[in-house]
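What follows is the residue order along each chain.
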Amino acid sequence: DRGVPSTSIEQVTRYDTSILLQPVNTEAVSKALQGVNGVETYTDYRGKEVLGSFSSLDIRGLHWALVVKKDLDEVLAAQTAFARRVLLATLLLALAVPLLATWLTRRFLRPVNVLLDGIERIRAGEKDVTIAASGTDEFGKLTTAFNGMAEAVRERDRTIQSKSSAYEQLLRHIFPEVVATRLK
């Protein structure tokens, strides 16, 4: 089908080999027969891209061409597989790094957000705000300080409430009820 005479095909079939029966007219063979030695990519007699090495051989008056070739796809298979693995690893890292960064950020900021929530609850008027300490690191120390501050605020509120009640009772004892209510 590629210009090989039918007699050559019959001989290859009969002898079960193509050695010395099939003509190979390629660029590499032509160069080797001209005395050129080299390594290059070219299209072989099958129409496939190959990586070939060729050289001229002169043995006792016989002029031969030595050609060694391998399909380019086969030669580059390991590099292609490696490039695919590198690309896959790069894509996985490109997905994993932002996810890991997001998770670490949330984990790091969780104690800060718990403290901010406690501050907002106290600001809203909630009295019994206490936050569970999460460790002995800086956030644990900050949580302990927050709980101490919240207890001090509760104690201050109790003291104010107690003094306010005592003041009110004193006013009721000194002044008539109507006057004491107005002064309150």
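All values derive from a computational prediction rather than experimental measurement.

Thresholds applied
- Residues numbered from 1 in each chain as written.
- Predicted model: local features only at pLDDT ≥ 70, side-chain atom pairs only at ≥ 80, totals over all residues.
- Heavy atoms only, no water.
- Helix = DSSP H or I, 4+ residues; strand = E, 2+ residues; numbered from the N terminus.
- Expected span 1.5 Å × (residues − 1).
- Bend = angle between axes of the 7 residues up to and from the residue.
- Contact = heavy atoms within 4.5 Å.
- Salt bridge = Lys/Arg side-chain N within 4 Å of Asp/Glu carboxyl O.
- Buried < 20%, exposed > 50% of the residue type's maximum accessible area, 1.4 Å probe, protein only.
- 1 Å grid on protein atoms, 1.4 Å probe; cavity = no way out; pocket = protein on both sides within 12 Å on 5 of 7 lines; lining within 4 Å.
- Points joined across faces, edges and corners; volume = space filled by probe spheres on them.
- Nonpolar A, V, L, I, M, F, W, Y, C, P; charged D, E, K, R; others polar.
- Pairing = 2+ DSSP bridges.
- Patch = residues over 30% accessible without salt bridge, like charges linked within 9 Å, V, L, I, M, F, W, Y side chains within 5 Å.
- Areas by Shrake-Rupley, 256 points an atom, 1.4 Å probe, with all protein chains shown as cover.

**Here we look at helix H4 (residues 77–123)**
Line of reasoning, step 1. Given a rise of 1.5 Å per residue, 47 residues ought to cover 69 Å, and the 67 Å separating the end C-alpha atoms of H4 matches this to within 8%.
Line of reasoning, step 2. Along H4, the sharpest change in direction is near 40° and occurs at Arg110; proline Pro111 comes one to four residues later.
Line of reasoning, step 3. Elements that come into contact with the buried residues of H4 comprise helix H5 (138–174).
Line of reasoning, step 4. Where H4 ends, the next residue or the one after it, Gly125, has phi of about 105°, a positive value.

**Some thoughts on the pattern of salt bridges**
Line of reasoning, step 1. A complete count under the given rule lists 13 salt bridges for this structure.
Line of reasoning, step 2. The partner of Glu120 in a salt bridge is Arg123, with the nearest N and O atoms 3.5 Å apart. Of this pair, Glu120 and Arg123 both sit in helix H4, 3 residues apart, which is roughly one turn of that helix.
Line of reasoning, step 3. For Glu120, a relative accessible area of 42% puts it in the partly exposed group.
Line of reasoning, step 4. As a salt-bridge pair, Glu155 and Arg158 come within 2.9 Å of each other at their nearest N and O atoms. With Glu155 and Arg158 both in helix H5 and 3 residues apart, the pair spans about one turn of that helix.
Line of reasoning, step 5. Look at the salt bridges and you will find they share partners, linking Asp44, Arg46, Lys69 and Asp71 into a network.

**A look at the side chain of Thr26**
Line of reasoning, step 1. You can see Thr26 is positioned in the loop between helix H1 (6–15) and helix H2 (27–33).
Line of reasoning, step 2. Judged by its relative accessible area of 7%, Thr26 falls in the buried class.

**With respect to the layout of surface pockets**
Line of reasoning, step 1. By volume, the largest pocket is sized at about 660 Å³.
Line of reasoning, step 2. In terms of lining residues, the largest pocket is bounded by 21 residues, among which Leu20, Gln22, Val24, Val29 and Ala65 are the most central.
Line of reasoning, step 3. Secondary structure elements with two or more residues in the lining of the largest pocket: H2 and strand S3 (62–71).
Line of reasoning, step 4. Considering every element that reaches the lining of the largest pocket, the biggest residue donor is S3, with 6 residues.
Line of reasoning, step 5. Grouping the constituent residues of the lining of the largest pocket by class yields 15 nonpolar, 4 polar and 2 charged.

**Structural notes on the pairing of strand S1 (residues 38–43)**
Line of reasoning, step 1. Sheet analysis places S1 next to strand S2 (residues 49–59), joined by 6 bridges and oriented antiparallel. Bridge pairing in S2 places Val39 opposite Ser53.
Line of reasoning, step 2. Where S1 folds back on S2, the antiparallel hairpin that results is connected by 5 residues, among which Gly47 adopts a positive phi of roughly 85°.

**A closer look at a nonpolar patch on the surface**
Line of reasoning, step 1. A surface patch of nonpolar side chains, amounting to about 830 Å² of accessible area, comprises Ile19, Leu20, Leu57, Ile59, Leu62, Trp64, Leu66 and Val68.
Line of reasoning, step 2. Elements with a contribution of two residues or more to the nonpolar patch: S2 and S3.
Line of reasoning, step 3. When residues in the nonpolar patch are grouped by element, the largest group, 4 residues, is from S3.
Line of reasoning, step 4. Tracing the chain through its elements places Leu62 in strand S3.
Line of reasoning, step 5. Given the relative accessible area of 49%, Leu62 is considered partly exposed.

**Let's talk about the pairing of S3**
Across a regular strand the side chains alternate sides, sitting on one face of the sheet and then on the other.
Line of reasoning, step 1. Taken together, the 10 bridges between S2 and S3 define a ladder with antiparallel strand orientation. Residue Ile59 lies in a different strand from S3, and its bridge partner there is Leu62.
Line of reasoning, step 2. Between the antiparallel neighbours S2 and S3 lie 2 residues, among them Arg60 with a positive phi of about 45°.

By themselves, these observations are geometric and do not establish any function.
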